[in-house]
Amino acid sequence: MIEIKNIKKSFNGKTVLDGISGRFENGNNSLIIGSSGTGKSVLLKCIVGLIKPDEGQILYDGRDLINGTIQERKAIRREIGMLFQGSALFDSKTVEENVRFPLDMMTEMTPEEKADRVHFCLKRVGLEAAATKKPSEISGGMQKRVGIARAIVLNPKYLFCDEPNSGLDPQTSIKIDELISEITDEYKMTTIVVTHDMNSVVGIGEYIMFLYQGRKVWEGDNQSILNSDVTSLQDFIFASKMMRSMKTLHDKGF
Ligand SMILES: Nc1ncnc2c1ncn2[C@@H]1O[C@H](COP(=O)(O)OP(=O)(O)OP(=O)(O)O)[C@@H](O)[C@H]1O
């Protein structure tokens, strides 16, 4: 479980995060949603330790990311897997070399052990056949899968995904969401996904934190979100025709 307490961050006197607290439970898909510029990426970067908040606490299963010792912080970082926006693969490396990269950087495993682990992860995301291809030779959805395989190769306890569906068609997006959700469940990870995608909200949102102008103004799950009376959240979700249709059906008792 990851707990954040009263996270505050300003840039050049402008408040971007204004006292955000919340709990992201183990084995759950947690989503951070909100419109553009509302602080989602900055919050995610604070949670993974890429940006230091001005105030507040970030606890990984009780371990303090900000105020812990260097060893404690290193231990937490080793347990983090990250799927970056746009996948962030190395173009010059093959799929298997991309997935092996964290093992080369962070472990003393033998070449055989690394090959086994890479094979296992590629198999898990359904990409064994693409192992020797370059990222430019595979589709955007497959690139995301490579990103997921790389994110889980060190067997992380915590998985972070920044806009995993950006640039994907709706069908492929759903498959990527399902994969993230299955992996979270299988390995009992604490997963946090930053997204704009209403399909993800409905499909995998077990815990949803809605940010508005740097504040958490709502939290709940994909069942309760349709009944929220928070105007900024209603404006955000019901901009989607699919969500308006779901609300109509929901209100009619379907
Ligand atoms: N390093 C930085 N220095 C100064 N301002 C920053 C920095 N990083 C982010 N910001 C500002 O913080 C605000 C929130 O940005 P953030 O990227 O978190 O928004 P977001 O909700 O993730 O938006 P989007 O959905 O468009 O990615 C923006 O006004 C942005 O310009």
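Above: the structure in question.
Thresholds applied
Residues numbered from 1 in each chain as written. Predicted model: local features only at pLDDT ≥ 70, side-chain atom pairs only at ≥ 80, totals over all residues. Helix = DSSP H or I, 4+ residues; strand = E, 2+ residues; numbered from the N terminus. Buried ≥ 20, exposed ≤ 12 C-beta atoms within 10 Å, placed from the backbone. Contact = placed C-beta atoms within 7 Å. Near = placed C-beta within 6 Å. Nonpolar A, V, L, I, M, F, W, Y, C, P; charged D, E, K, R; others polar. Expected span 1.5 Å × (residues − 1). Arc of directions from axis to C-beta. Axes fitted to C-alpha atoms, helices over the stretch in contact; angles between N-to-C directions. Parallel < 35°, antiparallel > 145°, perpendicular 65-115°, else oblique. Left-handed = near helix turned anticlockwise from the far one by under 90°. Core = buried A, V, L, I, M, F, W, Y, C linked by C-beta atoms within 7 Å. Pairing = 2+ DSSP bridges.

Undergrad: Now, about the overall build of the protein chain: what can you tell me, with residues and values included?
TA: On a plain count of helices and strands, the protein chain comes out with 9 helices and 10 strands. Here the protein chain holds 254 residues, and the buried ones make up 38% of them. In the protein chain, of all internal contacts separated by at least 6 residues, the share reaching a separation of at least 24 is 66%.

Undergrad: Now, about the site of the ligand: what can you tell me, with residues and values included?
TA: Taken together, the neighbourhood of the ligand is formed by Phe 11, Val 16, Gly 34, Ser 36, Gly 37, Thr 38, Gly 39, Lys 40, Ser 41 and Val 42. In terms of residues, the shell around the ligand owes the most to one element, helix H1 (residues 40-48), which gives 3 residues. Partitioned by chemical class, the residues of the shell around the ligand number 3 nonpolar, 6 polar and 1 charged.

Undergrad: Let's hear about helix H4 (residues 111-124): which residues, and what values?
TA: Between the first and last C-alpha of H4 there are 20 Å, a value that for 14 residues agrees with the 20 Å anticipated at 1.5 Å per step. Along H4, the residues classified as buried are Arg 117, Val 118, Cys 121 and Leu 122. The buried residues of H4 occupy an angular sector of 130 degrees when projected down its axis, which confines them to one face. Opposite the buried face of H4, by more than 90 degrees, sit the exposed residues Glu 112, Glu 113, Asp 116 and Lys 123. The inward-facing, buried residues of H4 contact helix H3 (95-106) and helix H5 (140-152). Looking one or two residues beyond H4, the residue adopting positive phi is Gly 126, at roughly 75 degrees.

Undergrad: Quick rundown of the packing of H3 against H5? Include the residues and the values.
TA: Closest axis-to-axis distance for the H3/H5 pair is 7 Å, and the angle between their directions is 30 degrees. As summarised for this structure, H3 and H5 are arranged roughly parallel, according to the angle between their axes. Crossing of H3 over H5 shows right-handed handedness. Contacts between H3 and H5 involve Val 95, Asn 98, Val 99, Phe 101 and Pro 102 from the former and Val 146, Ala 149 and Arg 150 from the latter. Within the contact of H3 with H5, the residues separate by chemical class into 6 nonpolar, 1 polar and 1 charged.

Undergrad: Lay out H5 in plain terms, naming residues and giving numbers.
TA: Taking 1.5 Å of rise per residue, the 13 residues of H5 would be expected to cover 18 Å, and the 19 Å separating its terminal C-alpha atoms lies within 8% of that figure. The element H5 is largely enclosed, with a buried count of 10 among its 13 residues. Within the span of H5, buried status applies to Gln 143, Lys 144, Arg 145, Val 146, Gly 147, Ile 148, Ala 149, Arg 150, Ala 151 and Ile 152.

Undergrad: Lay out the nonpolar core with the relevant residues and their values.
TA: Most often, soluble globular proteins keep nonpolar side chains buried together rather than apart. Grouped together as the largest cluster of nonpolar side chains are 59 residues, with contacts concentrated most on Ile 32, Leu 43, Ile 47, Val 99, Cys 121 and Ala 149. The residues touching Ile 32, leaving out its near neighbours within four places in the chain, are Lys 40, Leu 43, Leu 44, Ile 192, Val 194, Met 209 and Leu 211.

Undergrad: Please provide a residue-by-residue account of the environment of Ala 151, values included.
TA: By the element assignment, Ala 151 lies in helix H5. With 71 residues separating them in the primary sequence, Ala 151 and Ile 80 have C-alpha atoms 8.1 Å apart. Excluding anything up to four places from it in sequence, Ala 151 contacts Gly 81, Met 82, Leu 83 and Leu 159.

Undergrad: An account of the sheet that holds strand S6 (residues 80-83) is requested, with residue identities and associated values reported.
TA: Pairing is mixed across the open sheet formed by 6 strands, whose spatial order is S6-S7-S8-S3-S9-S10. Because the sheet does not close on itself, it has two edges, and the strands there are S6 and strand S10 (215-220). Taking the axes of each pair of neighbouring strands and ignoring which way they run, one obtains an average angle of 20 degrees across the sheet. Note that strand S9 (residues 207-212) and S10 share 5 bridges and pair antiparallel. Within the sheet, the bridge partner assigned to Ile 208 lies in S10 and is Gly 220. Where H1 meets the sheet, its contacts fall on strand S3 (29-33), S6, strand S7 (158-162), strand S8 (190-194) and S9, and the angle it forms with S8 comes to roughly 155 degrees.

Undergrad: Explain the sheet that holds strand S5 (residues 63-64) to me, and be specific about the residues and the numbers.
TA: Read from one edge of the open sheet, 4 strands run S2-S1-S4-S5, paired in antiparallel fashion. If you trace the sheet from one side to the other, it starts and ends with strand S2 (14-24) and S5, each paired once. Across 2 bridges, the pairing between strand S4 (residues 55-60) and S5 is antiparallel. Within the sheet, the bridge partner assigned to Leu 59 lies in S5 and is Asp 64.

Undergrad: Describe in detail the environment of Phe 236, supporting the description with residues and values.
TA: Residue position: Phe 236 is located in helix H8 (residues 231-237). Phe 236 has contacts with Gly 34 and Ser 35, leaving out every residue within four places of it along the chain.

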